[in-house]
Amino acid sequence: VGVAAPDGAEVCVEQLTHAFRFGAQGFAVGRLKTAELNRRYEENFARLFNQVTISFYWRGFETSPGDCHFDTRPGDREEAFTSGERAKMNPHARYLASPSRSTDQYLDFAKRHGMVVHGHPLVWGTYGWMIPFWLYDEYCPEEEKAFLQLPRKDPKDITRLFAEWDWYNAYKARIKELFERYSEEEIAAKCPVYLANMKRLWAERVAKILDYCGDRVDSWDVVNESVGEFEKYGSSLSGKPMFKSYYGLMPADYPLDAFLTAMRHVSAHPKLAINDNQRWDTYRRQVDDLVAHGARVDMVGVQYHIFQDEKFLQLVAGEKIGWPYCSTPADFRGIFDTMGGSGRPVNLSEITIPSPGGTPKAKMQQAIAAVNFYRLWFSHPKACGITWWHTLDGADKSGGSENGWAGIMDAEANPKPVYGALYDLIHRQWKTSLTARAAGGKVSFRGFRGRYRLSWTGADGKSVSKLVELK
């Protein structure tokens, strides 16, 4: 790096920020039950991470048609639900269903702390988490409902973001029956208005969100978990009138349409990402095929969730537990090699590492495992970021799906051992700080990518500094 320093002068090299994204899901921002808990959570979050993933799950974000939660409205509550209300919820939903969250609140949090912002997700086909009940209730004509006969649900019912199992199981059973009895062409002929409305409303949603956020959001999961569609139809342009999706009825070619819509509503700044958690060879082909059909895919998202306590304990014991848990470093390197082979950076977009039962031993096991995982992931040349998913220990301590012991903080927003272990990696071991000697108007050093301040004393005895970016 060029410096206007005398030969032999000591130059202090201090890394200020990381180019690598060390992030976490920030859905709990401002959602805790007291001002003190919110303050503590925000302080600990911002001390450790430089990226926040913010929520755009359709059902909770647009609770009725056109009623998007971009800004904070008069009367919105700052307090979280009471413990009784929270106990009725899936732990993943306990913040998302809060009426007080808004895009502006998330963006203000990120701006206060100089964080990169990742939006999640724009399009995801699941009726369990994502698609609002009002879509079917209000945009499917009665004669088409008579054919589809999907179970009905109050479209304003978002007490639980995840659809209750009784409704969801009935929905999946009816979808299975429809898909076994009718072809894509037959279904499309029976419900053309509903499918056209779905396609239009998906596109309007993407456009509305991107137009509002502009360059304030730095990257997006444009499409989430759609590799099953590509595996089934083999092309981003299927030639079908609709998709028999794993999730249910979906517009044909919706992953490609989502990217093409997004491209019309973003500048060159926000990165457009796809995100998935399986079928790596197929997923890689899907990325290549989307690009071949004109999609701008800037980043590839890969997930790693250990939701079940028993799987984590098997992993700790050295057992090979198989997909989707990845037992060895070689497993992970293979995934990163495959997905990075598309020529795009790989973002480890969602991770879950639990501390089963919350015992002191389990907390230490979580910390040690996290350190080993982060070392492996950070070391791969294609990796560009790691995002911890659930930052707080949750109300559901069953050790099953959406593990309630997987926080880096406890339920009172106090750091657990894993927090300190990651802080040591990110802010001590992986942050460059050294002194070098100037020679010939330059200083040479080896450091982690990011922003640096170089400081020295000039020939006139005055202090001089320079900011540089190592990319």
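*Asks:* Can you tell me about the environment of Arg101, naming the residues and giving the values?
*Replies:* Looking at the element boundaries, Arg101 is found in the loop between helix H3 (83-87) and helix H4 (103-112). Classification of Arg101 as buried rests on a relative accessible area of 6%. Taking C-alpha positions, Arg101 is 8.3 Å from Val29, a pair spaced 72 residues apart along the chain.

*Asks:* How would you summarise the sheet that holds strand S10 (residues 346-352) if you had to cite specific residues and measurements?
*Replies:* In spatial order, the strands read S2-S3-S4-S5-S8-S9-S10-S11; together these 8 strands close into a barrel with parallel pairing. Going from strand to strand, the sheet's axes swing by 25° on average, the running direction of each strand aside. Taken together, the 4 bridges between strand S2 (residues 21-25) and strand S11 (residues 383-388) define a ladder with parallel strand orientation. Across the sheet, the residue bridging to Arg21 is Gly385, located in S11. Set on the sheet, helix H11 (residues 254-263) makes contact with strand S5 (219-224) and strand S8 (271-276); between it and S5 the angle comes to about 155°.

*Asks:* Can you tell me about the environment of Arg453, naming the residues and giving the values?
*Replies:* Within the secondary structure, Arg453 is located in strand S13 (residues 450-457). Arg453 gets classed as partly exposed once you look at its relative accessible area, which sits at 32%. A C-alpha to C-alpha distance of 6.6 Å links Arg453 and Val468, two positions 15 residues apart in sequence. Residue contacts for Arg453: discarding those within four places in its chain leaves Cys12, Val13, Glu14, Leu16, Ser465, Lys466 and Leu467. There is a polar contact of 2.8 Å between the side chain of Arg453 and the side chain of Glu14.

*Asks:* Break down the pattern of salt bridges for me, citing the residues and quoting the values.
*Replies:* Applying the stated criterion across every chain yields a total of 24 salt bridges. Residue Arg39 is joined to Glu43 by a salt bridge in which the shortest nitrogen-to-oxygen separation is 3.1 Å. Residue Arg39 and its partner Glu43 are both found in helix H1 (residues 35-48); the two are separated by 4 residues, about one turn of the helix. Since its relative accessible area comes to 46%, Glu43 is described here as partly exposed. A salt bridge links Glu177 to Arg174; the shortest N-O distance between them is 2.8 Å. Taken as a pair, Glu177 and Arg174 lie in helix H7 (residues 165-181) at a separation of 3 residues, close to a single helical turn. Residue Glu177 is classed as partly exposed on the basis of its relative accessible area of 36%. On the basis of relative accessibility, which here comes to 12%, the residue Arg174 falls in the buried class. Beyond isolated ion pairs, a larger network of salt bridges with shared partners links Glu36, Arg39, Arg40 and Glu43.

Scoring rules and cut-offs
Residues numbered from 1 in each chain as written. Predicted model: local features only at pLDDT ≥ 70, side-chain atom pairs only at ≥ 80, totals over all residues. Heavy atoms only, no water. Helix = DSSP H or I, 4+ residues; strand = E, 2+ residues; numbered from the N terminus. Buried < 20%, exposed > 50% of the residue type's maximum accessible area, 1.4 Å probe, protein only. Pairing = 2+ DSSP bridges. Axes fitted to C-alpha atoms, helices over the stretch in contact; angles between N-to-C directions. Contact = heavy atoms within 4.5 Å. Polar contact = N/O pair within 3.5 Å; in protein donor to acceptor, adjacent residues only side chain to side chain. Salt bridge = Lys/Arg side-chain N within 4 Å of Asp/Glu carboxyl O.

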